Amino acid sequence: QVQLVESGGGLVQPGGSLRLSCKTSGSIFSINYMAWYRQAPGKERELVAIITSGDSTTYADSAKGRFTISRDNAKSAVDLQMNSLKPEDTAVYYCNAHRYPDVDYWGQGTQVTVSS
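These numbers come from a predicted model, not from an experiment. (Residues numbered from 1 in each chain as written. Predicted model: local features only at pLDDT ≥ 70, side-chain atom pairs only at ≥ 80, totals over all residues. Heavy atoms only, no water.)

Got a minute to help me understand the side chain of T110 in this structure?
On the secondary structure map, T110 appears in strand β11 (residues 110–114). Residue T110 is classed as buried on the basis of its relative accessible area, which comes to 10%. There is a polar contact of 3.2 Å between the side chain of T110 and the backbone nitrogen of G9. (Helix = DSSP H or I, 4+ residues; strand = E, 2+ residues; numbered from the N terminus. Buried < 20%, exposed > 50% of the residue type's maximum accessible area, 1.4 Å probe, protein only. Polar contact = N/O pair within 3.5 Å; in protein donor to acceptor, adjacent residues only side chain to side chain.)

Next up, the structure:
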């Protein structure tokens with residue numbers, strides 16, 4: 001089992017920054033990649049960024065150049081640094097841990113609201 005706990009969400013003005021953190025515990029050694037997803041009201045959950053066990057990263061087009069996913073091994077966490085935030089980034093952000101071929105673990109989500 002893997003446990004995930006997100007933190008760092010909140011209200012920020014357009015153009016501002018937030019750093020989300022996903023604290024991991026449990027059988028994390030078996031995980032192939034970690035990811036951040038988001039879900040806005042009335043929309044489907046969408047992938048934001050992935051970091052593999054080898055630290056390769058992939059970003060959604062909407063996140064490229066603005067968001068950075070990283071691993072903090074000392075804290076057993078995966079972070080998402082979000083800069084130049086836009087109102088359309090408003091969503092609940094979820095941390096995900098994936099183990100091949102088809103096992104997913106999810107955190108409870110953290111709300112990010114971008115508004116003036």
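I would appreciate a short explanation of the environment of R71 in the present structure.
Assignment of secondary structure puts R71 in strand β7 (residues 67–72). Put simply, R71 and M34 are 37 residues apart on the chain and 9.1 Å apart in space, counted from C-alpha to C-alpha. The contacts of R71, once residues within four sequence positions are left out, are M34, I51, T52, S53, D55, A77 and V78. Of note is the side chain of R71, whose polar atom sits 2.5 Å from the backbone oxygen of T52. A polar side-chain atom of R71 sits 2.9 Å from a polar atom in the side chain of D55. (Contact = heavy atoms within 4.5 Å.)

Looking at this model, I keep getting lost on the sheet that holds strand β3 (residues 18–26). Mind explaining?
Strands sit in the order β1-β3-β8-β7 across an open sheet of four strands; the sheet is antiparallel. Either end of the sheet is taken by a strand with one partner, and the two such strands are β1 (2–7) and β7. This sheet shows a mean twist of 20 degrees between the axes of neighbouring strands, independent of strand direction. Here β1 runs beside β3; their pairing, made up of six bridges, is antiparallel. For Q3, the partnering residue across the bridge sits in β3 and is S25. (Pairing = 2+ DSSP bridges. Axes fitted to C-alpha atoms, helices over the stretch in contact; angles between N-to-C directions.)

Any chance you could explain the packing of aromatic side chains here in plain terms?
Geometry of an aromatic ring pair is reported as the spacing of the ring centres plus the angle between the planes. Summed over the entire model, instances satisfying the criterion amount to two aromatic pairs. On the basis of an interplanar angle of 65 degrees and a centroid distance of 5.0 Å, the ring pair of Y37 and W106 is categorised as edge-to-face. Of this pair, Y37 sits in strand β4 (residues 33–39) while W106 sits in strand β10 (residues 103–106); the two residues are 69 residues apart in sequence, bridging distant segments of the chain. Given a relative accessible area of 17%, Y37 falls into the buried group. Given the relative accessible area of 37%, W106 is considered partly exposed. Over the ring of Y94 we find R45, and its NZ or CZ is 3.8 Å from the ring centre. (Phe/Tyr/Trp six-rings, centres within 6.5 Å; stacked < 30°, edge-to-face > 60°. Lys NZ or Arg CZ within 6 Å of the ring centre and 35° of its normal.)

Just to check I follow, could you spell out the state of the cysteines for this structure?
Joining two cysteines, a disulfide is a covalent bond between their sulfur atoms. In this structure the tally under the stated criterion is one disulfide. The side chain of C22 participates in a disulfide bridge whose partner is C95; the two sulfur atoms lie 2.0 Å from each other. An S-S torsion of about -80 degrees defines the bridge between C22 and C95 as left-handed. Of the two residues, C22 is situated in strand β3 and C95 in strand β9 (residues 91–99); the sequence distance between them amounts to 73 residues. As far as the burial class goes, C22 and C95 line up, both buried. (Disulfide = S-S within 2.5 Å.)

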